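What follows is each chain in one-letter form.
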Amino acid sequence: SRLNECVKLLEHFKDGTLPGGVTDAQLWEAQKVKQAILHPDTGEKIPMPFRMSGYIPFGTPVVVGLLLPNQTLVSTIFWQWLNQSHNACVNYCNRNASKPTPISKFFQGYLGAVSSAVAIAVGLNVLIQRAKRFRPATRLLVQRFIPFPAVASANVCNVLLMRHSELSEGVSVLDEDGIVVGTSKLAARRALLETAVTRVVLPMPILVLPPMLMSVLERLPLLQRHPRLVLPIHSLVCLCAFGLALPLAISLFPQNSQIHISQLEPEISAATRCKILTYNKGL
């Protein structure tokens, strides 16, 4: 397969047995394919729906569902459950896996993450519906923006609950030669903090821009004459916003992050002469 060819090509490069005629562009392409599909800690394949490269095609339909107007309580619960279920699997599959995580921890985190997300979203929706001072049009507009604070806060809970074992067990930190120096809980805390920040930034363009654009577009004579065009245009707007948000959020912090030994535990500082160590932040 293409993946096996890329892995073998990179192994030949590492061993110094690279065949003649292989260009730098081919090596970079092989590295890109490998990083997109294989987990950096385990070397195992990440299922397509839970890779970062699969986030947009599999996540866009859920985003469209979250932003549909006139949501009922049942539809709100359904779309929030679907969204956070997908997020939970993405967080788990892209976690730091330098330490084994029992499957029971996954289910504990999943239940906590999904229930907190649904509770936050439903609570905010009920609060808006009971706000008597809002006019119907204003209430509808506010309800369209409800998914962002609900999803952003739930995403943070999701990351912390799906990866909470890293906080208690720590993550491996490596020196400049890729040798494990030790296990750090402080590095794990920083990894989860950085990941949580990306999960707040990620839904910002996705859940804020489409409601703003659609509130303007729906007033156009074309869409008023042809209301069936609203959903496909809404989906296209969400897809564009997702395509903008994902690379922006992921680029905030590198996956292989660096940390100075002064910010780590004393026993790790004493175990190496390197001043800067690296760890897999996860995605």
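One can find the structure itself at the top, above this paragraph.
Everything numeric in this text was worked out from a predicted model, so none of it was measured. (Residues numbered from 1 in each chain as written. Predicted model: local features only at pLDDT ≥ 70, side-chain atom pairs only at ≥ 80, totals over all residues. Heavy atoms only, no water.)

**Brief notes about the packing of aromatic side chains**
For any pair of aromatic rings, geometry is given as the distance between the ring centres together with the angle between the planes. Counted according to the given criterion, the structure contains 2 aromatic pairs. Between the aromatic rings of Phe78 and Trp79, the centroid separation amounts to 5.1 Å while the plane-to-plane angle is 70°, which identifies the pairing as edge-to-face. Judged by centre distance (6.1 Å) and plane angle (40°), the rings of Phe78 and Trp81 are tilted. Of this pair, Phe78 and Trp81 both sit in helix 4 (residues 73-93), 3 residues apart, roughly one helical turn. Among the residues examined, Trp81 registers a relative accessible area of 36% and is labelled partly exposed. The ring of Tyr92 is capped by Arg95, whose NZ or CZ atom sits 4.0 Å from the centre of that ring. (Phe/Tyr/Trp six-rings, centres within 6.5 Å; stacked < 30°, edge-to-face > 60°. Helix = DSSP H or I, 4+ residues; strand = E, 2+ residues; numbered from the N terminus. Buried < 20%, exposed > 50% of the residue type's maximum accessible area, 1.4 Å probe, protein only. Lys NZ or Arg CZ within 6 Å of the ring centre and 35° of its normal.)

**Concerning a nonpolar patch on the surface**
Residues Leu209, Met212, Leu213 and Leu244 make up a contiguous nonpolar surface patch of roughly 350 Å² in combined accessible area. Considering each element in turn, the nonpolar patch owes the most residues, 3 residues, to helix 10 (residues 203-217). Note on placement: Leu213 falls in helix 10. What makes Leu213 partly exposed here is its relative accessible area of 44%. (Patch = residues over 30% accessible without salt bridge, like charges linked within 9 Å, V, L, I, M, F, W, Y side chains within 5 Å. Areas by Shrake-Rupley, 256 points an atom, 1.4 Å probe, with all protein chains shown as cover. Salt bridge = Lys/Arg side-chain N within 4 Å of Asp/Glu carboxyl O.)

**Some points on the nonpolar core**
Core analysis: the largest hydrophobic core is formed by 33 residues, its most contacted members being Tyr55, Val63, Leu202, Ile206 and Leu207. Looking at this core, the elements that each hand over two or more residues are helix 3 (55-66), helix 4, helix 5 (103-129), helix 7 (147-162), helix 10 and helix 12 (230-250). With 6 residues, helix 4 is the largest single contributor of residues to this core. Counting 13 residues, the second-largest nonpolar core is a separate cluster that includes Ile261, Ile268, Cys274 and Tyr279. (Core = buried A, V, L, I, M, F, W, Y, C linked by side-chain atoms within 4.5 Å.)

**Regarding the environment of Thr42**
Along the chain, Thr42 falls in the loop between helix 2 (24-37) and helix 3. In this structure Thr42 comes out as partly exposed when scored by relative accessible area, which is 38%.

**Considerations on helix 2**
With 14 residues, helix 2 should cover 20 Å at 1.5 Å per step; its first-to-last C-alpha distance of 20 Å lies within 8% of that length. For helix 2, the elements touching its buried residues are helix 1 (2-15). (Expected span 1.5 Å × (residues − 1). Contact = heavy atoms within 4.5 Å.)

**Quick look at the packing of helix 9 (residues 185-201) against helix 10**
Where helix 9 meets helix 10, the axes come as close as 5 Å, and the angle between the chain directions of the two elements is 15°. Between helix 9 and helix 10, the crossing angle belongs to the class labelled roughly parallel. Every residue of helix 10 that contacts helix 9 at Arg199, Val200 and Val201 is listed here: Pro203, Met204 and Pro205. Class assignment of the residues belonging to the contact of helix 9 with helix 10 gives a composition of 5 nonpolar, no polar and 1 charged. (Axes fitted to C-alpha atoms, helices over the stretch in contact; angles between N-to-C directions. Parallel < 35°, antiparallel > 145°, perpendicular 65-115°, else oblique. Nonpolar A, V, L, I, M, F, W, Y, C, P; charged D, E, K, R; others polar.)

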